[in-house]
Amino acid sequence: MEGCCALRIGDKVEDFRLETFDPENGNFGEVRLEELRKQGKWTVLFFYTEFADLAGRHEDFKKEGAELITVSTDTKFVHLAWQMDEPLLKKVKYRMGADPAGKLSRQFGVYDENSGLAQKGAFIISPQGALVSME
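Residues numbered from 1 in each chain as written. Predicted model: local features only at pLDDT ≥ 70, side-chain atom pairs only at ≥ 80, totals over all residues. Heavy atoms only, no water.

Caption draft 1: Here's a closer look at the environment of Leu88. Counting through the fold element by element, Leu88 comes out in the loop between helix 4 (76-85) and strand 5 (95-98). As a C-alpha pair, Leu88 and Glu67 span 21 residues in sequence and 21 Å in three-dimensional space. (Helix = DSSP H or I, 4+ residues; strand = E, 2+ residues; numbered from the N terminus.)

Caption draft 2: Here's a closer look at the nonpolar core. Ranked by internal contacts, the top residues of the largest apolar core, which has 18 residues, are Val13, Phe16, Leu45, Phe47, Leu104, Phe108 and Ile125. Looking at this core, the elements with two or more residues in it are helix 1 (33-38), strand 3 (42-47), strand 4 (66-72) and strand 8 (121-125). Within the second largest apolar cluster, 13 residues are counted, among which are Phe21, Phe51, Leu89 and Met96. (Core = buried A, V, L, I, M, F, W, Y, C linked by side-chain atoms within 4.5 Å. Buried < 20%, exposed > 50% of the residue type's maximum accessible area, 1.4 Å probe, protein only.)

Caption draft 3: Representation of the packing of aromatic side chains in the model. Across all of its chains, the model carries six aromatic pairs by this definition. Ring centres of Phe46 and Phe61 lie 6.3 Å apart, and the angle between their planes is 85°; on these two criteria the pair is classed as edge-to-face. With a gap of 15 residues between them, Phe46 in strand 3 and Phe61 in helix 3 (residues 58-63) connect regions that are remote in the sequence. What makes Phe46 buried here is its relative accessible area of 11%. Residue classification places Phe61 among the partly exposed residues on the basis of a relative accessible area of 22%. Note on Phe47 and Phe123: the rings are 5.8 Å apart at their centroids and 90° apart in plane angle, and the pair reads as edge-to-face. Pair noted here: Phe47 is in strand 3 and Phe123 is in strand 8, with a separation of 76 residues, a long-range link. Aromatic ring contacts, followed pair by pair, group Phe21, Phe28 and Phe77 into a single cluster. (Phe/Tyr/Trp six-rings, centres within 6.5 Å; stacked < 30°, edge-to-face > 60°.)

Everything listed here is a matter of geometry and, on its own, says nothing about what the molecule does.
Here it is as structure tokens:
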């Protein structure tokens with residue numbers, strides 16, 4: 001990944017805020033890392049990954065106290081359209097984060113400046129706010 005490793009394992013992740021589409025209730029909303037930390041949740045961010053494959057594991061993540069959020073540089077409206085029109089995404093129930101300006105993608109080192117898109121990446125943030133895993 002070009003620009004990889006903006007953060008390193010053990011680094012504290014700065015608070016972030018993302019607009020989201022929540023397929024579970026069909027609403028738009030927002031997610032903040034600080035709120036997830038206050039709830040004692042693990043945060044698992046997936047940038048442009050296999051949405052449908054994760055859908056089958058969403059309940060497992062929830063049982064372990066983890067909030068699963070997929071992130072792309074698309075808007076929340078694009079996420080709504082994808083979930084409504086793409087048969088592979090019908091079972092997706094986790095929040096879909098919108099990062100159209102690429103701010104979070106840059107923070108995690110997955111932003112491709114040439115295309116304006118996020119590359120694939122997976123990151124796990126502890127309830128204390130530390131980055132504990134990245135791929």
